[in-house]
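A structural walkthrough
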Amino acid sequence: REPHESLGTAALEALKDLPPGINGVALGCAAFANLLHVLHPNPAVLVAAALSATLWLLFLVSRIIAPHRILEEAAKPRAFFPYGAWEMAFAFSWARLLPAHCAIGAYAAGFLQLMILIAFLKACWKDGAAPEPYWNPVCMSCAATTIVAAPCLGSRHWLPMSSFGLALVTCLMIAPPEAYAVLKDEKVSPHADVALLAAPCSISAAAFAAMKASREIVLWNSTWDAWVGGVLAGLATLYAFFTIYAVRRRGATIRPFSLVWATMTFPSAITCIVWLQYAPYLARRRRVWPLAHLARAVAVVDLVFIFAVVVGCGRLAVDELLRRRASSSELSLSRVV
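Residues numbered from 1 in each chain as written. Predicted model: local features only at pLDDT ≥ 70, side-chain atom pairs only at ≥ 80, totals over all residues. Heavy atoms only, no water.

**Some words on the pattern of salt bridges**
What counts, and what does not: Salt bridges are defined by distance alone: a side-chain nitrogen of Lys or Arg within 4 Å of a carboxyl oxygen of Asp or Glu. Segments assigned H or I by DSSP are reported as helices when at least four residues long, segments assigned E as strands when at least two residues long, and all are numbered from the N terminus.
Under the counting rule described, the total for this entry stands at 5 salt bridges. Arg69 is the partner of Glu73 in a salt bridge, and the nearest nitrogen-oxygen pair spans 3.5 Å. Placement of the pair is Glu73 and Arg69 together in helix 4 (residues 68–74), with a separation of 4 residues, close to one helical turn. Salt-bridge contacts for Glu186 lead to Arg249; the nearest nitrogen and oxygen are separated by 3.2 Å.

Next comes the structure, spelled out in structure tokens:
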């Protein structure tokens, strides 16, 4: 019985010490589900969404057990930004697992998004923190609310419309200074979280596409809609290349593999979704037929990458659990001796 009890003790201690970075893995699972659904809907979509919801719930329980950690992390922008991923993981997994109650999840996501954003900006103001890619999970979570709310509430409803407006304004405010800082100095976001640079424009484009899917004309007329969608898709592509360049420049500091790699999953997935949404349109308009096939090929590669990162993060979690179990066994033995 002793090894079994040690394993349970180690699991409980690991739950109490669950790092905020686990939310990146939860969002990565949700990103996998969303990308796979766009590429080829199948039961694996629900499996990935269920895993995302499980990780989301585990983190919630860990903070209910130790609520003081929320206050400690909320005071530090770099420790608090994964809460934005936590909110988005909730929104996407709820919409995928409980589509019949989509409206409830959308309103809850909007509330969480606002509370987390206020706390994060307050901490950034106190610290004097300038916009960097780690801002994006919190500041752009409103676009995720738009993606979830538009299908069930309609694109002209106040929640998706206001969330999209906030996402668009925020994107225009923080994306340019983030790109300038990251491309100018390799010491800015020197780790894998630099991949978050791709998120603002991509998720804004995906949010507008979600609104467009629920209504023929979203803004004023079809011409305006085409221009807005095209510009956002173009910016998403531009920032994807910025991000690839920034990641390559930081190759030495990004390695070895760590939990931070989970931050690379959602930006790549949402960019692939944007390409899958707009490539057929461009192929029809420009007669460039390989674009749709190229977008699908890139999406498949990205699915493999996301799966590998999630599995790698799971391996890190298992190794940590075994380490805690060994430490607990050694401590029990020392007390007996």
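That covers the picture; the talk isn't over yet.
**Some points on the nonpolar core**
Quick reminder of the rule: Side-chain atoms within 4.5 Å are what join buried Ala, Val, Leu, Ile, Met, Phe, Trp, Tyr and Cys residues into a set we call a nonpolar core. For each residue, the accessible area found with a 1.4 Å probe, counting protein chains only, is set against the maximum for its type, and the residue is called buried under 20%, exposed over 50%, and partly exposed in between.
Ranked by internal contacts, the top residues of the largest apolar core, which has 100 residues, are Leu35, Phe92, Phe120, Ile147, Ile203 and Phe266. For this core, the element with the most residues is helix 2 (residues 22–39), which contributes 12 residues.

**Some thoughts on the environment of Phe80**
Stated precisely, the cut-off is as follows: In this description, contact between two residues means that some pair of their heavy atoms is separated by no more than 4.5 Å.
Tracing the chain through its elements places Phe80 in helix 5 (residues 77–80). Taking the C-alpha atoms as reference points, Phe80 and Tyr134, separated by 54 residues in sequence, lie 9.7 Å from one another. Apart from the residues within four sequence positions on either side, Phe80 is in contact with Glu73, Ala74, Ile116, Ala119, Phe120 and Val138.

**Points about the confidence of the model for the protein chain**
Reading predicted coordinates in detail is not appropriate for stretches of low pLDDT. What counts is decided by this rule: On a range of 0 to 100, pLDDT expresses the predictor's confidence in each residue.
Residue-level pLDDT values for the protein chain average 87, and 90% of them are 70 or greater. This stretch, residues 1–5, has a pLDDT under 50; its non-local contacts, to residues over four places away or in other chains, come to 2 contacts.

**Quick notes on unusual backbone geometry**
Between Arg255 and Pro256 the backbone carries a cis peptide bond, its omega angle lying at 0°. As for its placement among the helices and strands, Pro256 is situated in the loop between helix 13 (251–254) and helix 14 (265–286).

**What to know about the environment of Pro20**
Its location among the elements puts Pro20 in the loop between helix 1 (2–16) and helix 2. Linking Pro20 and Ala79, residues 59 residues apart in sequence, is a C-alpha distance of 7.1 Å. Residue contacts for Pro20: discarding those within four places in its chain leaves Phe59, Arg63, Glu73, Ala79 and Pro82.

**Considerations on the packing of aromatic side chains**
How two aromatic rings sit relative to each other is set out by the distance from centre to centre and by the angle between their planes. Selection criterion: Working definition: rings of Phe, Tyr and Trp (its six-membered ring) pair if their centres are within 6.5 Å, and the pair is stacked with planes under 30 degrees apart, edge-to-face with planes over 60 apart, and tilted otherwise.
For the structure shown, the criterion picks out 13 aromatic pairs. Seen in terms of ring centroids, Phe59 and Tyr83 are 5.4 Å apart; in terms of plane orientation they differ by 75°. Their pairing is edge-to-face. Of this pair, Phe59 sits in helix 3 (residues 44–65) while Tyr83 sits in helix 6 (residues 82–97); the two residues are 24 residues apart in sequence, bridging distant segments of the chain. Taken individually, Phe59 and Tyr83 each receive the classification buried, so the pair is uniform in this respect. These aromatic residues form a ring-pair network of at least three members: Trp56, Trp86, Phe90 and Trp94.

**Quick notes on helix 6**
Formally: Given a helix with a known number of residues, its expected span is that number minus one, times 1.5 Å.
Between its terminal C-alpha atoms helix 6 stretches 22 Å, which fits the 22 Å expected from 16 residues at 1.5 Å a residue. Most of helix 6 is tucked away, with 12 of its 16 residues classed as buried. Restricting attention to buried positions, one finds in helix 6 the residues Pro82, Tyr83, Gly84, Ala85, Trp86, Glu87, Met88, Ala89, Phe90, Ala91, Phe92 and Ser93.

**Some remarks on the packing of helix 11 (residues 199–214) against helix 12 (residues 222–249)**
Put simply, the rule reads: Fitted lines through C-alpha atoms give the axes, limited to the stretch in contact for helices. The angle between two N-to-C directions lies from 0 to 180 degrees. Working rule for angles: under 35 degrees goes down as roughly parallel, over 145 as roughly antiparallel, 65 to 115 as roughly perpendicular, anything else as oblique. In this scheme the handedness of a crossing depends on how the near helix is turned from the far one: anticlockwise by less than a right angle means left-handed, clockwise means right-handed. Put simply, Ala, Val, Leu, Ile, Met, Phe, Trp, Tyr, Cys and Pro go in the nonpolar bin, Asp, Glu, Lys and Arg in the charged bin, and everything else, Gly too, in the polar bin.
Here helix 11 crosses helix 12 at 150°, and the two axes come no closer than 8 Å. Relative to helix 12, the element helix 11 is oriented roughly antiparallel. In the packing of helix 11 onto helix 12, the handedness of the crossing is left-handed. Contacts between helix 11 and helix 12 involve Cys201, Ser202, Ser204, Ala205, Phe208 and Lys212 from the former and Asp225, Val228, Gly229, Leu232, Ala233, Leu235, Ala236 and Tyr239 from the latter. In terms of residue class, the contact of helix 11 with helix 12 is made up of 9 nonpolar, 3 polar and 2 charged.

**Topic: the environment of Ala206**
Along the chain, Ala206 turns up in helix 11. Sequence-wise, Ala206 and Thr271 are 65 residues apart; in three dimensions their C-alpha atoms are separated by 8.2 Å. When residues no more than four places from it in sequence are discounted, the contact partners of Ala206 are Ile147, Ile270, Val274 and Gln277.

**Digging into the packing of helix 9 (residues 141–153) against helix 10 (residues 158–184)**
Here helix 9 crosses helix 10 at 155°, and the two axes come no closer than 8 Å. Taken together, helix 9 and helix 10 sit at an angle that is classed as roughly antiparallel. Handedness of the helix 9/helix 10 crossing: left-handed. Within the contact between the two elements, helix 9 uses Cys142, Ala143, Thr145, Thr146, Ala149, Ala150 and Leu153 and helix 10 uses Leu159, Pro160, Ser163, Phe164, Leu166 and Ala167.

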